[in-house]
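Now for the letters of each chain:
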Amino acid sequence: MTRDDEAYIHFQECLTSLNRTWVILGKLEGSGVDPVLRTASYHMALIEYAKPFKESRGANKRRHFLAFPSLSADDTALHSQLLALRDQVLAHSDLTVKDAKLYVGESNGRALPLIISNTAQQLPRTSQVRQLVEHLLDALYAEIPTYEQQFKNSP
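Residues numbered from 1 in each chain as written. Predicted model: local features only at pLDDT ≥ 70, side-chain atom pairs only at ≥ 80, totals over all residues. Heavy atoms only, no water.

**Q** Any chance you could explain the pattern of salt bridges here in plain terms?
**A** Pairs can form between side chains of opposite charge once their charged atoms are near each other. Applying the stated criterion across every chain, the model contains seven salt bridges. For the salt bridge of R57 with E55, the shortest nitrogen-to-oxygen distance reads 3.6 Å. Across the pair R63 and E55 runs a salt bridge whose closest N-O atoms are separated by 3.1 Å. Note on E55: relative accessible area 46%, which makes it partly exposed. Linked by salt bridges that have partners in common, R20, E48 and K51 make up one network. (Salt bridge = Lys/Arg side-chain N within 4 Å of Asp/Glu carboxyl O. Buried < 20%, exposed > 50% of the residue type's maximum accessible area, 1.4 Å probe, protein only.)

So, in structure tokens, the structure goes:
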């Protein structure tokens, strides 16, 4: 497989992840979703969102990731927030975010550890993320002809 072939496949996978994110978020905007399932679905949507922007390994140690297109400052800030959430909270459990402290007391001659930490990070509204995904998809769909240009000269 050529590097261009792999780049095209990766680009299409990115579109798939972002479209999956958009669909999940749309389903969550309706009412009547069980709160536990809503939380799990929203977390999955945010992980799907981040996939294109994280390293993807290809053949022969090639690495691919989607560059974030030029969008508004608000979109760029939300994008950065979502990637940080994915890296520090959703896919990993960074203790720095929790800023946890351990206090050890005693009760009836036994050690009594107490952990105090920050509460869970506030997630952005699903409608905000869905709007960002729409802006991203608009920009990325405009790039398809550039990617497909390589096939004009192929046998």
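**Q** Teacher, can you tell me more about unusual backbone geometry here?
**A** Among all residues save glycine, negative phi is the norm, and among peptide bonds the norm is trans. If you check the backbone angles, N108 has positive phi at about 55° while not being a glycine. Position of N108 relative to the elements: it lies in the loop between β3 (101-107) and β4 (110-116). (Helix = DSSP H or I, 4+ residues; strand = E, 2+ residues; numbered from the N terminus.)

**Q** Help me understand helix α1 (residues 3-28) in this model?
**A** Because the α-helix completes a turn every 3.6 residues, residues three or four places apart line up on one side. Look at α1: 38 Å from first C-alpha to last across 26 residues, which is about the 38 Å you get at 1.5 Å a residue. All buried positions along α1 are accounted for by E6, Y8, H10, F11, C14, L15, S17, L18, T21, I24, L25 and L28. Looking at the buried positions of α1, the neighbouring elements they touch are α2 (35-50), β1 (56-57), β2 (63-64), α5 (126-141) and α6 (144-148). (Expected span 1.5 Å × (residues − 1). Contact = heavy atoms within 4.5 Å.)

**Q** Honestly, the nonpolar core in this entry has me stumped. Any pointers?
**A** Nonpolar side chains tend toward joint burial in soluble globular proteins. The biggest cluster of nonpolar side chains holds 26 residues, and the ones touching the most others in it are L18, Y49, F53, L82 and V129. For this core, the secondary structure elements donating two or more residues are α1, α2, α3 (73-90) and α5. The dominant element in this core, judged by the number of residues it contributes, is α1, at seven residues. (Core = buried A, V, L, I, M, F, W, Y, C linked by side-chain atoms within 4.5 Å.)

**Q** What is the right way to read the environment of I116 from this model?
**A** The residue I116 is located in strand β4 in this model. A relative accessible area of 44% places I116 in the partly exposed class. The sequence separation of I116 and Y103 amounts to 13 residues, and the corresponding C-alpha distance is 8.0 Å. If sequence neighbours within four positions are ignored, I116 has contacts with D99, A100, K101 and Y103.

**Q** Would you explain α3 in this entry?
**A** With 18 residues, α3 extends 24 Å from end C-alpha to end C-alpha; this agrees with the ideal 26 Å at 1.5 Å per step. Those residues of α3 that fall on the buried side of the exposure criterion are D75, L78, H79, L82, L83, L85 and L90. The secondary structure elements touched by the buried residues of α3 are α2 and α5.

**Q** I tried to follow the environment of W22 on my own but got confused; where do I start?
**A** Relative to the helices and strands, W22 is located in helix α1. For W22, a relative accessible area of 30% gives the class partly exposed. Residues W22 and T76, 54 residues apart in the sequence, show an inter-C-alpha distance of 17 Å. When residues no more than four places from it in sequence are discounted, the contact partners of W22 are R130, V133 and E134.

**Q** Got a minute to help me understand the packing of α1 against α5 in this structure?
**A** The relative placement of two packed helices is expressed as an angle between their axes plus a distance between the axes. With their axes 9 Å apart at the nearest point, α1 and α5 run at an angle of 150° to one another. With respect to α5, the axis of α1 lies roughly antiparallel. Viewed along their axes, α1 and α5 form a crossing whose handedness is left-handed. From α1, F11, L15, L18, N19, T21, W22, L25 and G26 reach across to α5, where they touch T126, V129, R130, V133, E134, L136, L137, L140 and Y141. Along the lines of polarity and charge, the residues of the contact of α1 with α5 split into eleven nonpolar, four polar and two charged. (Axes fitted to C-alpha atoms, helices over the stretch in contact; angles between N-to-C directions. Parallel < 35°, antiparallel > 145°, perpendicular 65-115°, else oblique. Left-handed = near helix turned anticlockwise from the far one by under 90°. Nonpolar A, V, L, I, M, F, W, Y, C, P; charged D, E, K, R; others polar.)

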